[in-house]
Amino acid sequence: MMSLCRNLAVLLLFLIASPLPHSHLFTHATSTTAPATRPRIIFLTGIGSEGDDGDDDGDGDYDYGKPTVPTQVVKSAQNPLVHQAPKLCHYDFCLENQEPCDQISAKTGCLCPGVSGGDQPPHSPRIQELVPITRGGDRGKIEIRWCAPSSVVTRYKVMIEGGEVVEFEDVSRRGLVRSMEVGTNVCVEAVNSAGHSIPSDFSCMRYEHRESSDHNLLAGIIGGGVTLLLVLIIAAVILWKHQMRQKAKRDSANGLGNPSYSTEGTL
């Protein structure tokens, strides 16, 4: 019995003298004071050599005193997505015989300008100018030029004051009409299956005859020639009158010196 007690005492002394592997955890568990809280840093990528998790002392906390190698961030070789402005279709509303914008968009993926659908009456086109034709077989006619509206259009109507109406295709941006008097009002109307545009200030224009630069040049030449001719005529008349006066003076001087006109020797 005494030997058993002696063995138990020796074992107890041995356990007290030897360091326990979990003494640190046991102390923390039985301590009445809460340990200081420190943030735990978790690295998803390697922080050192293989098998080294940065916890050298094995206490589960990261050692802040030891410098660490920063993690190298590898940039992606793929370029980041850049938000670009949408590309608008190369479409001119004033250019004649163009490919429709919806067909251009289907081929290139561009965006057409805001266009009202075919289920709505079209907006009013914009008339540009009324140009008189002065040469060729269409001399005397008037060319009307306009720009298409931002709408679906199936045809255009040119309405001339007085009741005349001339129709043109949807791809047209110009048309010839008869000669008209100065001050005549002309309107361009867009038409589709839903209706027609309403006349406005920019879809109508009054015809004002503009003389071409050739006419102005010709008129200037004629006017200059007529003026020069008048000046020459006036100068010739003045010179002729001057010569007539000089001749009259000479004749008068010759008549005074003739003896037949003398009164001397008369009885």
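Residues numbered from 1 in each chain as written. Predicted model: local features only at pLDDT ≥ 70, side-chain atom pairs only at ≥ 80, totals over all residues. Heavy atoms only, no water.

Novice: What is the right way to read the layout of surface pockets from this model?
Specialist: Rolled over the atoms, a probe with the dimensions of a water molecule shows which regions are left empty. Reported here for the largest pocket is a volume of approximately 420 Å³. For the largest pocket, the lining is made up of 19 residues, of which Tyr 91, Pro 100, Cys 101, Ser 151 and Val 152 are closest to its centre. Within the lining of the largest pocket, the residues separate by chemical class into 13 nonpolar, three polar and three charged. (1 Å grid on protein atoms, 1.4 Å probe; cavity = no way out; pocket = protein on both sides within 12 Å on 5 of 7 lines; lining within 4 Å. Points joined across faces, edges and corners; volume = space filled by probe spheres on them. Nonpolar A, V, L, I, M, F, W, Y, C, P; charged D, E, K, R; others polar.)

Novice: Sorry if this is basic, but what is going on with the confidence of the model for the chain here?
Specialist: Close reading of the predicted structure is inappropriate where its pLDDT is low. With 63% of its residues at a pLDDT of 70 or more, the chain shows a mean pLDDT of 75. In this model residues 20-32 is a low-confidence stretch, pLDDT under 50, and it forms three contacts with partners more than four residues away in sequence or in other chains. Note that residues 45-54 has pLDDT below 50 and, in this model, five contacts with residues that lie over four places away or in other chains. (pLDDT = per-residue confidence, 0-100. Contact = heavy atoms within 4.5 Å.)

Novice: Mind showing me how you'd approach unusual backbone geometry here?
Specialist: A positive phi angle, close to 55°, is found at Asn 97, a residue other than glycine. Tracing the sequence through the fold places Asn 97 in the loop between α2 (23-30) and α3 (101-108). Judged by relative accessible area, which is 57%, Asn 97 ranks as exposed. (Helix = DSSP H or I, 4+ residues; strand = E, 2+ residues; numbered from the N terminus. Buried < 20%, exposed > 50% of the residue type's maximum accessible area, 1.4 Å probe, protein only.)

Novice: Please clarify how the environment of Arg 126 should be interpreted in this entry.
Specialist: Relative to the helices and strands, Arg 126 is located in strand β1 (residues 126-132). Between the C-alpha atom of Arg 126 and that of Met 205, which follows or precedes it by 79 residues, the distance is 9.8 Å. Residues within four places of Arg 126 in sequence aside, it is in contact with Cys 94, Trp 146, Cys 147 and Phe 202.

Novice: What should I look at first to understand the state of the cysteines in this one?
Specialist: Here, the word disulfide means a covalent bond between the sulfur atoms of two cysteines. This structure, assessed with the given rule, holds three disulfides. Paired by a disulfide, Cys 89 and Cys 110 hold their sulfur atoms 1.9 Å apart. The chirality of the disulfide connecting Cys 89 with Cys 110 is right-handed, given an S-S dihedral of about 95°. Here Cys 89 is found in the loop between α2 and α3, whereas its partner Cys 110 is found in the loop between α3 and β1, with 21 residues between them in sequence. Judged by relative accessible area, Cys 89 falls into the buried class, the value being 8%. (Disulfide = S-S within 2.5 Å.)

Novice: Can you help me understand the packing of aromatic side chains in this one?
Specialist: To describe a pair of aromatic rings, you give the distance between the ring centres and the angle between the ring planes. Here the structure, examined in full by the defined rule, presents three aromatic pairs. Geometrically, the ring pair formed by Tyr 91 and Phe 93 is edge-to-face, given 5.3 Å between the ring centres and 90° between the ring planes. On the numbers, 5.5 Å between centres and 50° between planes, the contact of Trp 146 with Tyr 156 is tilted. One end of the pair, Trp 146, is in strand β2 (residues 142-147); the other, Tyr 156, is in strand β3 (residues 155-160), and ten residues separate them in sequence. Like Trp 146, the residue Tyr 156 is buried in the burial classification. (Phe/Tyr/Trp six-rings, centres within 6.5 Å; stacked < 30°, edge-to-face > 60°.)

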